[in-house]
Amino acid sequence: MNQDLEEPMAEIMPNIITAMSYLLQRVSETNDHMSHKQRISGFYGLTKPSISIRSYLERIFKYANCSHSCYIVAYIYLDRFVKKQPFLLINSFSVHRFIITSILVSAKFMDDLCYNNGYYAQVGGISKEEMNMLELDFLFGIGFQLNVTVSTFNNYCSFLQREMVMLTKMNSLFVEPSPSFRRSFETKLVMNTLEEDSLTTHRNKKQLAAA
């Protein structure tokens, strides 16, 4: 990974993790009420994991030792997945498996060295066999579209930073998000307007709608 991208990211990673966890939490909570539209897959567990999304991301960040850029790219992959697989929704029963799998795939593609599937399985709290299966399902789910342009990467990174600033402001004022703010997130993860090929045709649309 380009060192020029990694160094400035080290300072903002805590904010990126917070923004990602918030957005994925909202996605999950909204999609929990859309079970009639969901197709069951290997990503879905029988029960909701007891660990929060933020704690789960922080655990991965602590133990996976992948480059900081992997988390942005993993988020991009998740967006690609939900666009290509609209009936495999990210909800409270699947979000943790989606997170660990997207980061694993991202690390393998982005980093020169990374831990194997067995190690990621331990970090993620699943078996190696399940990790292998989820990786394959995820790759087919995104059509093996792993390449991310610098422009797309920067757009997603900027978006997450803006969301973190917004959340920080709301927390400092001790107020709940406004209804209009919540509505802007109450759909599935959709960030396709941040993709490079979408910027020219969807420039006037909102850049994210994540529950």
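Residues numbered from 1 in each chain as written. Predicted model: local features only at pLDDT ≥ 70, side-chain atom pairs only at ≥ 80, totals over all residues. Heavy atoms only, no water.

What to know about the overall build of the protein chain
The cut-off we apply is this: Under the DSSP-based scheme used, a helix requires at least four consecutive residues in state H or I and a strand at least two consecutive residues in state E, with every element numbered from the N terminus. Buried residues are those whose accessible area, probed at 1.4 Å on protein chains only, stays under 20% of the maximum for their type, while exposed residues exceed 50% and partly exposed ones sit between those limits. We call two residues contacting when some pair of their heavy atoms lies within 4.5 Å.
Secondary structure summary: the protein chain contains 9 helices and 0 strands in total. In the protein chain, the succession of α and β elements from N to C terminus is α-α-α-α-α-α-α-α-α. A total of 211 residues make up the protein chain; the buried ones form 51% of that total. Considering only residue pairs separated by 6 or more positions, the protein chain has 81% of its internal contacts joining residues 24 or more positions apart.

Looking at helix α2 (residues 53–64)
For an α-helix the count is 3.6 residues per turn, leaving residues at separations of three or four pointing the same way. This is how the line gets drawn: A helix is expected to reach a length of 1.5 Å times the quantity of its residues less one. Along the arc lie the directions from the helix axis toward the C-beta atoms.
In this model, α2 (12 residues) spans 16 Å end to end at C-alpha, consistent with the 16 Å of a helix rising 1.5 Å per residue. Ile53, Tyr56, Leu57, Ile60 and Ala64 are the residues of α2 that are buried. The arc that holds the buried residues of α2, viewed along the axis, is 95°, so those residues lie on one side. Just downstream of α2, Asn65 is the residue with a positive phi angle, here 55°.

Structural notes on a nonpolar patch on the surface
The condition is simple: The residues that make up patches have over 30% relative accessible area and no salt bridge, and they are joined within 9 Å when like-charged or within 5 Å when they are Val, Leu, Ile, Met, Phe, Trp or Tyr. Where accessible areas are quoted, they stem from the Shrake-Rupley method and a 1.4 Å probe; at the residue level, only the protein chains shown are allowed to cover. For salt bridges, the criterion is a side-chain nitrogen of Lys or Arg within 4 Å of an Asp or Glu carboxyl oxygen.
A cluster of nonpolar residues, Leu136, Phe140 and Phe144, forms a patch on the protein surface that exposes about 330 Å² of accessible area. Counting through the fold element by element, Phe140 comes out in helix α6 (residues 128–141).

Points about the side chain of Ser102
In plain terms, the rule: Pairs of N or O atoms within 3.5 Å make up the polar contacts considered here, provided that, within protein, one atom can donate a hydrogen while the other can accept it, and that residues adjacent in sequence are counted only when both atoms are side-chain atoms.
Among the structural elements, Ser102 can be located in helix α4 (residues 95–110). A distance of 2.9 Å separates a polar side-chain atom of Ser102 from the backbone oxygen of Ile99. Those residues in contact with Ser102, other than ones at most four positions away along the chain, are Ala74, Tyr77, Leu78 and Phe138.

Regarding the state of the cysteines
Rules: Sulfur atoms of two cysteines make up a disulfide when they are within 2.5 Å.
This model, assessed by the stated rule, comprises 0 disulfides. Here Cys70 stays free of any disulfide, with the sulfur of Cys66 as its closest cysteine sulfur at 4.3 Å. By relative accessible area, which is 0% here, Cys70 ends up buried.

A word on unusual backbone geometry
Trans is the prevailing form of peptide bonds, just as negative phi is the prevailing case for residues other than glycine. The residue Asn65 is not glycine, and still its phi comes out positive at about 55°. Summarising the element assignment, Asn65 is placed in the loop between α2 and α3 (69–84). One non-glycine residue with positive phi stands out, namely Phe144, at about 55°. Turning to its location among the elements, Phe144 is positioned in the loop between α6 and α7 (150–173). Given the relative accessible area of 43%, Phe144 is considered partly exposed.

Quick look at the nonpolar core
Rule in force here: Take the buried residues of types Ala, Val, Leu, Ile, Met, Phe, Trp, Tyr and Cys, join any two whose side-chain atoms come within 4.5 Å, and each joined set is a nonpolar core.
If you look at the biggest cluster of nonpolar residues, it comprises 56 residues, and the most contacted ones within it are Ile60, Ile99, Ile103, Tyr120, Phe138 and Leu160. Sorting the residues of this core by element identifies α1 (3–31), α2, α3, α4, α5 (117–124), α6 and α7 as the ones contributing at least two each. Of the residues forming this core, the biggest block, 11 residues, is contributed by α3. Apart from the residues within four sequence positions on either side, Leu160 is in contact with Ile16, Ala19, Met20, Leu23, Ile72 and Tyr75.

Just geometry here; none of it tells us what the structure is for.
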